[in-house]
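Single-letter residue listing:
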Amino acid sequence: MGCKILYTEIMDHNAAAGYREIDHTADWELAVWADSLPELFRQAALGMYALSGVRVSGADFQAQTITLQASSLEGLLVKFLNELLYLGEDQQKAAQAIEVNLAGDKLHAALQIGTIAAQTKGIKAVTYHNLSIRQEGGIFRVNVIFDV
Amino acid sequence: MISLQDLVKINKYEWEIPQSFRQDMRVPVRIFASRDMIERVLDEKSLEQAVNAATLPGLVGRVLVMPDMHQGYGFPIGGVAATRYPDGVISPGAIGYDINCGVRLLASQIELEAVSGELDALASALNAHCPSGVGGKGAVQVSEKELERVCLEGSRWALKQGFASEQDLRRTEEFGCLAGADPTKVSKRAKERGRPQLGSLGAGNHFIEVDVVDQIFDAEAARVMGLAEGCLAVQIHCGSRGFGHQICQDYVDDFQAAVKRYGIQLPDKELVCAPLNSPEGRDYLGAMRCAANFAFANRQILAHSARQAFEEVLAGRVKNWRLHQVYDIAHNMGKLETHEIDGKLQKVCVHRKGATRAFGPGSPGLPEEYAAIGQPVLVPGSMGTASWVLVGTQASMERSLGSSCHGAGRVMSRAKAKKTVWGSQLRDELEAAGIHVRAGSMAGLAEEAPQAYKDVDAVVEAVAGAEIARKVARLRPVAVIKG
């Protein structure tokens, strides 16, 4: 058994990129920010793993790629996060290292995936509710709501 | 932000947001709740989401909101909306990702006093027989071909496999099978997710609970349902698992483009929709019905597993350890029904999200034994608090599209709940109160703490006060199994 990686639930709110949980009565809401769109996607993925309490075994990382197409950036984000959820349910794997490339209506992500050693909570789906990627003062921001 | 001044009071338990409140509303919003309940949701988005729902094309009557309302995504939890058939729309987000999430109630003649020493063993046996947890595999795993049969037959498939009785099917909404399911409209990925998950509870707010019938309010209705004061009952709350989640996800993705094709303007991308008579709308209806039938079969298998657990622990110790079905109802569903709206009978697609069907006496689709009393309405409370059995009324048919509440409804965010409550401490408190707990995760347990929910008794007072359901019995928990 290798070491365990725990996606941190505590973020520096002043950091150039990060995520934090927002109060939502029924589901989970995550505020995500970054200085680039690929980093915004990566932070959203890390935040989603943190919310569901995913721990990854550090012993058996493998390379995996994801290629997706959608008619909007928001659509690409939803599909990307849902793809990671499926990876967890189908193969019991989570990404430890994530590199995202965006070109037009396509996303290509290179992942290093490891076996999920523990997960405290499940996410049913990533929603489009009020989903809007915006740029404010050079920082990209998005709030994502997860159905749990 | 909506304020109390924006609402028109109809009576103590009915309020309305007029269509004039916002220019894009196509119908008014009718809220069944006390003033106190409305004031408590003004600082969140449930009423705003109801107003957004009122913009869906083809709506008839009013958008309805039940007293257990709380904000969800797109459509509020506790929301009901009917769209005209066939040219109105169907919206996957107004039904939810967990298609046919619902509740089943089994009852018994087992007196609590006779088995109080066996409750811990019963909780363990239920936990062992009913698989639960994040992404958990089910008691039954099927091939793709067999899954397609489940999609087409629902609980009837479970009957053929020996997991059900004819009475179980008779006492299930739509008799456990929605007609018109089309497995060819379900993605390969949804099928892959569904195949291993039949007969599993899942995680989140899903649970199996052993209750005791604590108080009877309608002796005749309780007698017909087989509910006896002081005797055990079992509630099963779950849905269509990853199968339904994937179907909803696939169609919410696809409908992002469909709304552009049909020129539909919406205030929220999660409300995307397509006309019922469009290829996209028909495809979603066919796929959604597959998920609904999967969920009926799923709860049926879990009921079978619960019966096995009861037999294992109680056979030979009590005279009659059997569990009979009271009813099974959905609270996330879209269905074609006929209702009298604005003075005329209309065929409509009723979207219920976090709301249950509550058909009154004499309504079509009820089993013969319930024709005189009305359809049982199952209202689970929060963990550790009461649950209720109600029946639909003539007033629910006239004023709420034959619908009622589905539960207590959350008031506290999951983030706040887990900061406020320690899962292990909560478990100890529940155990001290005589409630045996089995939970897959202490964090998950904390998120479902009783203080995170409304007072279910107040919710029931509101629906009873509005006369859209009538009280039959109150249940008190003695064992809880959570994924």
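A quick note: this is a predicted structure, and the numbers were derived from the prediction, not measured.

**What about the pairing of strand β13 (residues 344-353) of chain B?**
Residue and element names in this part refer to chain B.
Here comes step 1: Of all 10 residues in β13, 7 are buried, a share of seventy percent or more.
Here comes step 2: The pairing of strand β12 (residues 332-341) with β13 spans 10 bridges and is antiparallel. By the bridge assignment for β13, Lys 335 is matched with Val 350.
Here comes step 3: Where β12 folds back onto β13 in an antiparallel hairpin, the turn is made up of 2 residues, including Asp 342, whose phi is positive at roughly 50 degrees.

**Things to note about the interface of chain A and chain B**
By convention, interface size is frequently given as the accessible area that disappears when the constituent parts associate.
Here comes step 1: Taken together, the 32 residues of chain A in the interface contact 38 residues of chain B.
Here comes step 2: In total, about 3100 Å² of surface goes out of reach between chain A and chain B, with carbon and sulfur atoms giving 47% of it.
Here comes step 3: By the criterion of area lost to chain B, the three top residues of chain A are Thr 25, Lys 124 and Tyr 128 of chain A, representing 24% of everything that side buries.
Here comes step 4: Connecting chain A to chain B are 4 salt bridges.
Here comes step 5: Across the salt bridge formed by Glu 83 of chain A and Arg 189 of chain B, the nearest N and O atoms sit 2.8 Å from each other.
Here comes step 6: At the junction of chain A with chain B, the criterion picks out 16 residue pairs in polar contact (both at pLDDT 80 or more).
Here comes step 7: Elements supplying a minimum of two residues to the side of chain A that touches chain B: α2 (73-91), β8 (125-126) and β10 (139-147) of chain A.
Here comes step 8: The dominant element in the side of chain A that touches chain B, judged by the number of residues it contributes, is α2 of chain A, at 7 residues.
Here comes step 9: Across the side of chain A that touches chain B, the residue classes tally to 10 nonpolar, 11 polar and 11 charged.

**A look at the confidence of the model for chain A**
Here comes step 1: The predicted model of chain A averages 89 in pLDDT, with 91% of residues at 70 or higher.
Here comes step 2: Counting interchain partners and residues more than four positions distant, the pLDDT-below-50 stretch residues 1-6 of chain A has 18 contacts.

**Re unusual backbone geometry**
Apart from glycine, the bulk of residues carry a negative phi angle, and the bulk of peptide bonds sit in the trans form.
Residues and elements named next belong to chain B.
Here comes step 1: Cis peptide bonds are those with omega within 30 degrees of zero, and the linkage from Tyr 85 to Pro 86 qualifies with 10 degrees.
Here comes step 2: For Pro 86, the location among the structural elements is in the loop between β5 (75-84) and β6 (89-90).
Here comes step 3: Here Glu 174, not a glycine, exhibits a phi torsion of approximately 55 degrees, which is positive.
Here comes step 4: Its location among the elements puts Glu 174 in the loop between α7 (166-170) and α8 (188-194).
Here comes step 5: Given the relative accessible area of 28%, Glu 174 is considered partly exposed.
Here comes step 6: In the Ramachandran plot, Leu 401 falls in the positive-phi region, its phi being about 50 degrees despite a non-glycine side chain.
Here comes step 7: In this fold, Leu 401 is placed in the loop between α12 (394-399) and β17 (403-404).

Conventions we followed
Residues numbered from 1 in each chain as written. Chains lettered and ligands numbered in written order. Predicted model: local features only at pLDDT ≥ 70, side-chain atom pairs only at ≥ 80, totals over all residues. Heavy atoms only, no water. Buried < 20%, exposed > 50% of the residue type's maximum accessible area, 1.4 Å probe, protein only. Helix = DSSP H or I, 4+ residues; strand = E, 2+ residues; numbered from the N terminus. Pairing = 2+ DSSP bridges. Contact = heavy atoms within 4.5 Å. Buried area = accessible area lost by both parts, 1.4 Å probe. Salt bridge = Lys/Arg side-chain N within 4 Å of Asp/Glu carboxyl O. Polar contact = N/O pair within 3.5 Å; in protein donor to acceptor, adjacent residues only side chain to side chain. Nonpolar A, V, L, I, M, F, W, Y, C, P; charged D, E, K, R; others polar. pLDDT = per-residue confidence, 0-100.

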